[in-house]
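Descriptive analysis of the structure
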Amino acid sequence: MTYLVEYSRDSAKFIKKARRNKQLSEYLKKVNQQLGNDYVSLSIEPLSGKLRFLQSHHFKINRVDYRLVFSVEQARKLIYVWLVGPRENFYRQLLQKFG
């Protein structure tokens, strides 16, 4: 099942900056393909509390923990990536978006 993947302005901005880091850039390209083709194959976990409608993918590159948070609209076959970034202050930023 193929999904359309869309990015928020913040996540697109981070991905653009990530081009400077080759490993991170390559990994994000792979994740983008997996999201569109078979997002369930990624190691994902649902968030809790106010953010329980979101899914999170955790990964580590160069000893830095990163998060990618997205939601899935089954009816429209759409995956919307809300935020991508390093773990530090990540959930604070996410709560500000949905606060």
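Details of the structure are given in the entry above.
Each chain has its residues counted from 1, running along the sequence as written. Reporting of local features is limited, given that this is a predicted model, to residues whose pLDDT is at least 70; pairs of side-chain atoms are given and counted only at 80 or more, and all residues count toward the totals for whole chains, interfaces and linings. Side-chain descriptors were evaluated using all non-hydrogen atoms of the structure, hydrogens and water having been removed beforehand.

**What to know about unusual backbone geometry**
- Located in the positive-phi region is Asn 62, a residue other than glycine, with phi close to 50°.
- Only DSSP runs of H or I with at least four residues qualify as helices, and only runs of E with at least two residues qualify as strands; both kinds are numbered from the N terminus onward. The topology assignment puts Asn 62 in the loop between strand S3 (55–61) and strand S4 (64–73).
- One non-glycine residue, Asn 89, lies in positive phi territory at about 65°.

**Observations concerning a positive patch on the surface**
- For patch building, the residue pool is restricted to those with more than 30% relative accessible area and no salt bridge; the joining distance is 9 Å between like charges and 5 Å between nonpolar side chains (Val, Leu, Ile, Met, Phe, Trp, Tyr). Values of accessible area rely on a 1.4 Å probe in the Shrake-Rupley scheme; residue burial ignores everything except the protein chains shown. A pairing counts as a salt bridge when a side-chain nitrogen of Lys or Arg comes within 4 Å of a carboxyl oxygen of Asp or Glu. We score Asp and Glu as negative and Lys and Arg as positive, and we do not count His or the chain ends. To locate a charge, take atom NZ for lysine, CZ for arginine, CG for aspartate or CD for glutamate. On the surface, a cluster of positive charge is contributed by Arg 9, Lys 13, Lys 17 and Arg 20.
- Within the secondary structure, Arg 20 sits in the loop between helix H1 (9–17) and helix H2 (22–38).
- Owing to a relative accessible area of 73%, Arg 20 belongs among the exposed residues under this scheme. Exposed residues in this analysis have more than 50% of their type's maximum accessible area, buried residues have under 20%, and partly exposed residues fall in between, with area computed by a 1.4 Å probe over protein chains only.

**Focus: the side chain of Arg 67**
- For Arg 67, the position within the fold is in strand S4.
- An unpaired buried charge is present at Arg 67: no salt bridge exists, and Asp 65, the closest side chain of opposite charge, is 4.9 Å distant.
- Within 3.5 Å is the distance limit for a polar contact, defined as a pair of N or O atoms, with the added protein rule that one can donate a hydrogen and the other accept it, and that residues adjacent in sequence qualify only through two side-chain atoms. Within the structure, Arg 67 has its side chain in polar contact with the side chain of Tyr 91 (distance 3.3 Å).
- Note on contacts: a residue pair qualifies if any of its non-hydrogen atoms lie within 4.5 Å across the two residues. Discounting residues that sit within four places of it in the chain, Arg 67 has contacts with Ser 56, His 57, His 58, Phe 59, Leu 83, Val 84, Gly 85, Arg 87, Phe 90 and Tyr 91.

Function cannot be inferred from these measures alone, as they are strictly geometric.
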